[in-house]
Amino acid sequence: LYEGGSVAGPLIVLAGLATITDMMPLRDQNRILVSEALKLFQKYAPVGLKELFLRASRSGAVQMTARDFGFAIGPRINASGRISDGSEALGLVLSKDREEARELARKVDLRNMERKSIEQDMLDAALLQIVKGAAAQVIVLPDGHQGVAGIVEVLEKISEESSSGAVPVAVLVGDHGSARAPEGYNVRDALAGSSDALVRFGGHAAAAGFSVKEGRFESFKTLFLNACSARKEATGDG
(Lines give C-alpha, C1' and ligand atoms only; values in the text may rest on other atoms or scores of the structure.)
Protein backbone atom coordinates (compact mmCIF):
# COMPACT_ATOMS: atom_id res chain seq x y z
CA LEU A 1 0.00 0.00 0.00
CA TYR A 2 1.49 3.33 -1.10
CA GLU A 3 1.71 5.79 1.80
CA GLY A 4 3.87 8.51 0.27
CA GLY A 5 2.85 12.00 -0.75
CA SER A 6 0.51 12.80 -3.61
CA VAL A 7 2.07 12.53 -7.07
CA ALA A 8 -0.73 14.49 -8.74
CA GLY A 9 0.90 17.92 -8.32
CA PRO A 10 4.31 17.05 -9.83
CA LEU A 11 2.68 15.13 -12.67
CA ILE A 12 0.35 18.02 -13.51
CA VAL A 13 3.36 20.36 -13.67
CA LEU A 14 5.23 18.04 -16.04
CA ALA A 15 2.12 17.43 -18.16
CA GLY A 16 1.50 21.17 -18.44
CA LEU A 17 5.10 21.80 -19.44
CA ALA A 18 4.89 19.04 -22.08
CA THR A 19 1.63 20.48 -23.43
CA ILE A 20 3.28 23.84 -24.06
CA THR A 21 6.59 22.53 -25.41
CA ASP A 22 4.84 20.10 -27.77
CA MET A 23 2.87 23.11 -29.09
CA MET A 24 -0.50 21.57 -28.36
CA PRO A 25 -3.53 23.84 -28.88
CA LEU A 26 -4.41 25.71 -25.67
CA ARG A 27 -8.10 24.97 -25.53
CA ASP A 28 -10.49 22.76 -23.57
CA GLN A 29 -8.67 20.35 -21.24
CA ASN A 30 -5.24 21.48 -22.44
CA ARG A 31 -5.93 25.03 -21.31
CA ILE A 32 -7.10 23.82 -17.90
CA LEU A 33 -4.07 21.55 -17.54
CA VAL A 34 -1.58 24.31 -18.34
CA SER A 35 -3.37 26.77 -16.08
CA GLU A 36 -3.19 24.35 -13.15
CA ALA A 37 0.44 23.47 -13.90
CA LEU A 38 1.42 27.14 -13.74
CA LYS A 39 -0.40 27.60 -10.43
CA LEU A 40 1.25 24.51 -8.93
CA PHE A 41 4.77 25.07 -10.28
CA GLN A 42 6.31 26.75 -7.24
CA LYS A 43 4.91 24.14 -4.86
CA TYR A 44 5.20 20.92 -6.82
CA ALA A 45 7.73 21.31 -9.64
CA PRO A 46 10.90 19.22 -9.32
CA VAL A 47 13.62 21.23 -7.63
CA GLY A 48 15.68 21.06 -10.82
CA LEU A 49 13.00 22.78 -12.87
CA LYS A 50 12.70 25.49 -10.23
CA GLU A 51 16.46 26.07 -10.39
CA LEU A 52 16.37 26.12 -14.18
CA PHE A 53 13.57 28.68 -14.15
CA LEU A 54 15.46 30.89 -11.70
CA ARG A 55 18.50 30.77 -13.99
CA ALA A 56 16.49 31.26 -17.18
CA SER A 57 14.30 34.09 -15.89
CA ARG A 58 17.37 36.00 -14.59
CA SER A 59 15.06 37.83 -12.21
CA GLY A 60 13.87 35.35 -9.62
CA ALA A 61 10.29 35.78 -10.84
CA VAL A 62 7.67 33.65 -9.11
CA GLN A 63 4.63 34.39 -11.29
CA MET A 64 4.70 31.73 -13.99
CA THR A 65 3.21 32.16 -17.45
CA ALA A 66 2.86 29.85 -20.44
CA ARG A 67 5.67 31.84 -22.05
CA ASP A 68 8.01 30.71 -19.28
CA PHE A 69 7.26 27.10 -20.14
CA GLY A 70 7.60 27.68 -23.87
CA PHE A 71 10.56 30.04 -24.04
CA ALA A 72 12.51 29.69 -20.79
CA ILE A 73 12.32 26.13 -19.53
CA GLY A 74 11.35 24.11 -22.62
CA PRO A 75 14.11 25.22 -25.03
CA ARG A 76 16.82 24.58 -22.43
CA ILE A 77 15.64 21.04 -21.80
CA ASN A 78 15.36 20.50 -25.55
CA ALA A 79 18.89 21.80 -26.13
CA SER A 80 20.30 19.24 -23.70
CA GLY A 81 18.94 16.42 -25.84
CA ARG A 82 20.01 17.97 -29.12
CA ILE A 83 23.55 18.97 -28.17
CA SER A 84 24.22 16.08 -25.80
CA ASP A 85 22.40 12.89 -24.86
CA GLY A 86 19.78 14.48 -22.64
CA SER A 87 21.08 12.88 -19.45
CA GLU A 88 21.67 16.27 -17.82
CA ALA A 89 18.07 17.31 -18.37
CA LEU A 90 16.81 13.96 -17.11
CA GLY A 91 18.97 14.25 -14.02
CA LEU A 92 17.66 17.78 -13.52
CA VAL A 93 14.05 16.58 -13.45
CA LEU A 94 14.82 13.61 -11.18
CA SER A 95 17.16 15.33 -8.73
CA LYS A 96 15.96 15.89 -5.18
CA ASP A 97 19.13 17.63 -3.97
CA ARG A 98 19.13 21.40 -4.43
CA GLU A 99 22.88 21.78 -4.87
CA GLU A 100 23.00 18.99 -7.44
CA ALA A 101 19.96 20.48 -9.18
CA ARG A 102 21.55 23.93 -9.26
CA GLU A 103 24.68 22.53 -10.92
CA LEU A 104 22.63 20.56 -13.45
CA ALA A 105 20.57 23.68 -14.20
CA ARG A 106 23.82 25.51 -14.92
CA LYS A 107 24.94 22.76 -17.32
CA VAL A 108 21.58 22.63 -19.09
CA ASP A 109 21.63 26.42 -19.47
CA LEU A 110 25.11 26.21 -21.00
CA ARG A 111 23.86 23.62 -23.49
CA ASN A 112 21.24 26.11 -24.59
CA MET A 113 23.88 28.81 -25.07
CA GLU A 114 25.91 26.31 -27.11
CA ARG A 115 22.85 25.54 -29.23
CA LYS A 116 22.28 29.23 -29.94
CA SER A 117 25.90 29.67 -30.99
CA ILE A 118 25.73 26.70 -33.35
CA GLU A 119 22.46 27.92 -34.83
CA GLN A 120 23.90 31.38 -35.50
CA ASP A 121 27.03 29.91 -37.13
CA MET A 122 24.83 27.72 -39.33
CA LEU A 123 22.66 30.66 -40.32
CA ASP A 124 25.64 32.90 -41.12
CA ALA A 125 27.20 30.20 -43.30
CA ALA A 126 23.89 29.52 -45.04
CA LEU A 127 23.19 33.15 -45.91
CA LEU A 128 26.51 33.32 -47.77
CA GLN A 129 25.36 30.55 -50.11
CA ILE A 130 22.17 32.17 -51.42
CA VAL A 131 22.03 32.22 -55.21
CA LYS A 132 19.98 35.20 -56.34
CA GLY A 133 17.13 34.39 -58.67
CA ALA A 134 17.45 30.62 -58.28
CA ALA A 135 14.35 28.44 -58.44
CA ALA A 136 15.48 26.83 -55.17
CA GLN A 137 18.27 27.19 -52.66
CA VAL A 138 20.58 24.27 -51.86
CA ILE A 139 22.75 24.91 -48.82
CA VAL A 140 25.62 22.79 -47.54
CA LEU A 141 26.75 23.10 -43.93
CA PRO A 142 29.71 20.75 -43.44
CA ASP A 143 30.30 22.09 -39.94
CA GLY A 144 26.63 22.14 -38.99
CA HIS A 145 24.95 20.06 -36.31
CA GLN A 146 22.29 17.63 -37.51
CA GLY A 147 20.53 17.60 -34.18
CA VAL A 148 20.17 21.34 -33.79
CA ALA A 149 16.66 22.64 -34.36
CA GLY A 150 18.20 25.75 -35.85
CA ILE A 151 18.24 23.99 -39.20
CA VAL A 152 14.56 24.95 -39.39
CA GLU A 153 15.47 28.59 -38.80
CA VAL A 154 18.08 28.32 -41.54
CA LEU A 155 15.48 26.93 -43.92
CA GLU A 156 12.99 29.67 -43.13
CA LYS A 157 15.52 32.49 -43.21
CA ILE A 158 17.00 31.40 -46.55
CA SER A 159 13.53 31.37 -48.07
CA GLU A 160 12.92 34.89 -46.72
CA GLU A 161 16.25 36.22 -47.97
CA SER A 162 16.01 34.75 -51.46
CA SER A 163 15.54 37.58 -53.95
CA SER A 164 13.42 35.30 -56.11
CA GLY A 165 10.77 35.18 -53.42
CA ALA A 166 9.71 32.19 -51.35
CA VAL A 167 11.28 29.10 -52.89
CA PRO A 168 12.06 25.55 -51.76
CA VAL A 169 15.18 25.24 -49.63
CA ALA A 170 17.30 22.14 -49.03
CA VAL A 171 19.93 22.17 -46.28
CA LEU A 172 22.50 19.41 -46.01
CA VAL A 173 24.62 18.57 -42.98
CA GLY A 174 26.91 15.81 -44.15
CA ASP A 175 24.93 13.49 -46.42
CA HIS A 176 21.66 14.10 -44.61
CA GLY A 177 19.32 16.92 -45.45
CA SER A 178 16.06 18.64 -44.64
CA ALA A 179 13.91 20.53 -47.11
CA ARG A 180 11.06 23.00 -46.83
CA ALA A 181 8.79 24.53 -49.44
CA PRO A 182 6.37 27.47 -49.40
CA GLU A 183 2.73 27.12 -50.36
CA GLY A 184 2.35 26.19 -54.00
CA TYR A 185 5.38 23.90 -54.12
CA ASN A 186 5.61 20.21 -53.26
CA VAL A 187 9.09 19.57 -51.94
CA ARG A 188 8.52 15.83 -51.75
CA ASP A 189 7.78 15.78 -55.47
CA ALA A 190 11.01 17.73 -56.06
CA LEU A 191 12.92 15.10 -54.08
CA ALA A 192 11.18 12.34 -56.02
CA GLY A 193 12.50 13.99 -59.17
CA SER A 194 15.98 13.87 -57.62
CA SER A 195 15.74 10.26 -56.46
CA ASP A 196 18.55 8.99 -58.72
CA ALA A 197 20.99 10.85 -56.46
CA LEU A 198 19.32 9.91 -53.18
CA VAL A 199 19.62 6.96 -50.83
CA ARG A 200 16.20 7.71 -49.39
CA PHE A 201 13.69 10.51 -48.93
CA GLY A 202 10.33 11.04 -47.30
CA GLY A 203 7.95 13.66 -46.04
CA HIS A 204 5.10 15.74 -47.41
CA ALA A 205 4.51 18.77 -49.59
CA ALA A 206 5.80 21.37 -47.13
CA ALA A 207 8.66 19.49 -45.43
CA ALA A 208 10.78 16.45 -46.09
CA GLY A 209 14.03 14.72 -45.23
CA PHE A 210 16.53 12.96 -47.45
CA SER A 211 19.97 11.36 -47.70
CA VAL A 212 22.29 11.90 -50.67
CA LYS A 213 24.29 9.07 -52.20
CA GLU A 214 28.04 9.29 -51.65
CA GLY A 215 29.68 11.51 -54.24
CA ARG A 216 26.35 12.54 -55.80
CA PHE A 217 25.84 15.98 -54.27
CA GLU A 218 26.31 17.94 -57.51
CA SER A 219 23.94 15.57 -59.29
CA PHE A 220 21.36 16.01 -56.54
CA LYS A 221 21.71 19.78 -56.66
CA THR A 222 21.13 19.86 -60.42
CA LEU A 223 18.15 17.50 -60.26
CA PHE A 224 16.54 19.38 -57.35
CA LEU A 225 16.96 22.76 -59.00
CA ASN A 226 15.58 21.43 -62.28
CA ALA A 227 12.56 19.93 -60.53
CA CYS A 228 11.79 23.22 -58.79
CA SER A 229 12.42 25.20 -61.97
CA ALA A 230 10.03 22.96 -63.92
CA ARG A 231 7.34 23.70 -61.36
CA LYS A 232 7.82 27.46 -61.91
CA GLU A 233 7.58 27.07 -65.68
CA ALA A 234 4.48 24.86 -65.42
CA THR A 235 2.63 27.37 -63.23
CA GLY A 236 3.92 30.50 -64.94
CA ASP A 237 5.72 31.71 -61.79
CA GLY A 238 8.99 32.14 -63.63
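Everything quoted here is computed from the prediction, not taken from an experiment. (Residues numbered from 1 in each chain as written. Predicted model: local features only at pLDDT ≥ 70, side-chain atom pairs only at ≥ 80, totals over all residues. Heavy atoms only, no water.)

K.L.:
Looking at this model, I keep getting lost on the packing of helix H3 (residues 47–57) against helix H6 (residues 98–127). Mind explaining?
P.N.:
In helix packing, the relevant descriptors are the interaxial angle and the interaxial distance, both defined with respect to the helix axes. Packing of H3 against H6 leaves a shortest axis separation of 8 Å and a crossing angle of 50°. The pairing of H3 with H6 is recorded here as oblique in orientation. Like other packed secondary-structure pairs, H3 and H6 cross with a definite hand, here right-handed. Residues Val47, Gly48, Glu51, Leu52 and Arg55 of H3 pack against Arg98, Ala101, Arg102, Ala105, Arg106, Val108 and Asp109 of H6. Each residue belonging to the contact of H3 with H6 can be placed in one class, and the counts come to 5 nonpolar, 1 polar and 6 charged. (Axes fitted to C-alpha atoms, helices over the stretch in contact; angles between N-to-C directions. Helix = DSSP H or I, 4+ residues; strand = E, 2+ residues; numbered from the N terminus. Parallel < 35°, antiparallel > 145°, perpendicular 65-115°, else oblique. Left-handed = near helix turned anticlockwise from the far one by under 90°. Contact = heavy atoms within 4.5 Å. Nonpolar A, V, L, I, M, F, W, Y, C, P; charged D, E, K, R; others polar.)

K.L.:
How should I be thinking about the pattern of salt bridges in this particular structure?
P.N.:
Note that side chains of opposite charge can pair when their charged atoms are close. In total, this model carries 9 salt bridges according to the counting rule given. The shortest N-O distance in the salt bridge between Arg102 and Glu99 comes to 2.7 Å. Of the two residues, Arg102 and Glu99 both sit in helix H6, 3 residues apart, roughly one turn of that helix. On the basis of relative accessible area, Arg102 is assigned to the partly exposed category, the value being 33%. (Salt bridge = Lys/Arg side-chain N within 4 Å of Asp/Glu carboxyl O. Buried < 20%, exposed > 50% of the residue type's maximum accessible area, 1.4 Å probe, protein only.)

K.L.:
Help me out: how do you make sense of the pairing of strand S5 (residues 207–212) in this one?
P.N.:
Successive residues of a regular strand alternate their side chains across the two faces of the sheet. Where burial is concerned, most of S5 is hidden: 5 out of the 6 residues are buried. Two elements, strand S3 (residues 176–180) and S5, share 5 bridges in a ladder whose sense is antiparallel. In the strand pairing of S5, Ser178 is matched with Gly209. Hairpin connection from strand S4 (residues 198–203) to S5: 3 residues lie between these consecutive antiparallel strands. (Pairing = 2+ DSSP bridges.)

K.L.:
So what exactly am I meant to see when it comes to the nonpolar core here?
P.N.:
Nonpolar side chains tend to gather and get buried jointly when the protein is soluble and globular. Of all hydrophobic cores here, the largest spans 20 residues; its most connected members are Leu191, Phe210, Phe220 and Phe224. Excluding residues that lie within four positions of it along the chain, Phe220 makes contacts with Val138, Ala170, Leu172, Leu191, Ser194, Ala197, Leu198, Phe210 and Val212. By size, the runner-up hydrophobic cluster in this structure holds 18 residues, among which are Leu17, Leu49, Leu104 and Val108. (Core = buried A, V, L, I, M, F, W, Y, C linked by side-chain atoms within 4.5 Å.)

K.L.:
How should I be thinking about the sheet that holds S3 in this particular structure?
P.N.:
The strand order across the open sheet formed by 5 strands is S1-S2-S3-S5-S4, and the pairing between neighbours is mixed. Looking at strand neighbours, the two that pair on one side only are strand S1 (137–140) and S4, the edges of this open sheet. Each neighbouring strand pair of the sheet contributes to a mean axis angle of 15°, computed without reference to strand direction. As paired strands, S4 and S5 are joined by 5 bridges and run antiparallel to one another. Residue pairing in the sheet places Leu198 in a bridge with Val212 of S5.

K.L.:
Would you mind going over the layout of surface pockets with me for this structure?
P.N.:
The probe, sized like a water molecule, is rolled over the atoms to show the empty space still left. One number sums up the size of the second largest pocket: a volume of about 220 Å³. Taken together, Pro10, Leu14, Tyr44, Ala45, Pro46, Val47, Lys50, Val93, Leu94, Ser95 and Lys96 make up the lining of the second largest pocket. Residue assignment for the lining of the second largest pocket shows that the elements contributing at least two residues are helix H1 (8–21), H3 and helix H5 (87–94). Looking at side-chain class alone, the lining of the second largest pocket contains 8 nonpolar, 1 polar and 2 charged residues. (1 Å grid on protein atoms, 1.4 Å probe; cavity = no way out; pocket = protein on both sides within 12 Å on 5 of 7 lines; lining within 4 Å. Points joined across faces, edges and corners; volume = space filled by probe spheres on them.)

K.L.:
What is the right way to read the packing of aromatic side chains from this model?
P.N.:
In the structure shown here, the tally under the stated rule is 4 aromatic pairs. Judged by centre distance (6.0 Å) and plane angle (75°), the rings of Phe41 and Phe53 are edge-to-face. On the criterion of sequence distance, the pair formed by Phe41 in helix H2 (residues 28–44) and Phe53 in helix H3 is long-range, its members being 12 residues apart. Phe53 matches Phe41 in its accessibility class, with the two residues each being buried. Members of the aromatic cluster, joined through ring pairs, are Phe41, Phe53 and Phe69. (Phe/Tyr/Trp six-rings, centres within 6.5 Å; stacked < 30°, edge-to-face > 60°.)

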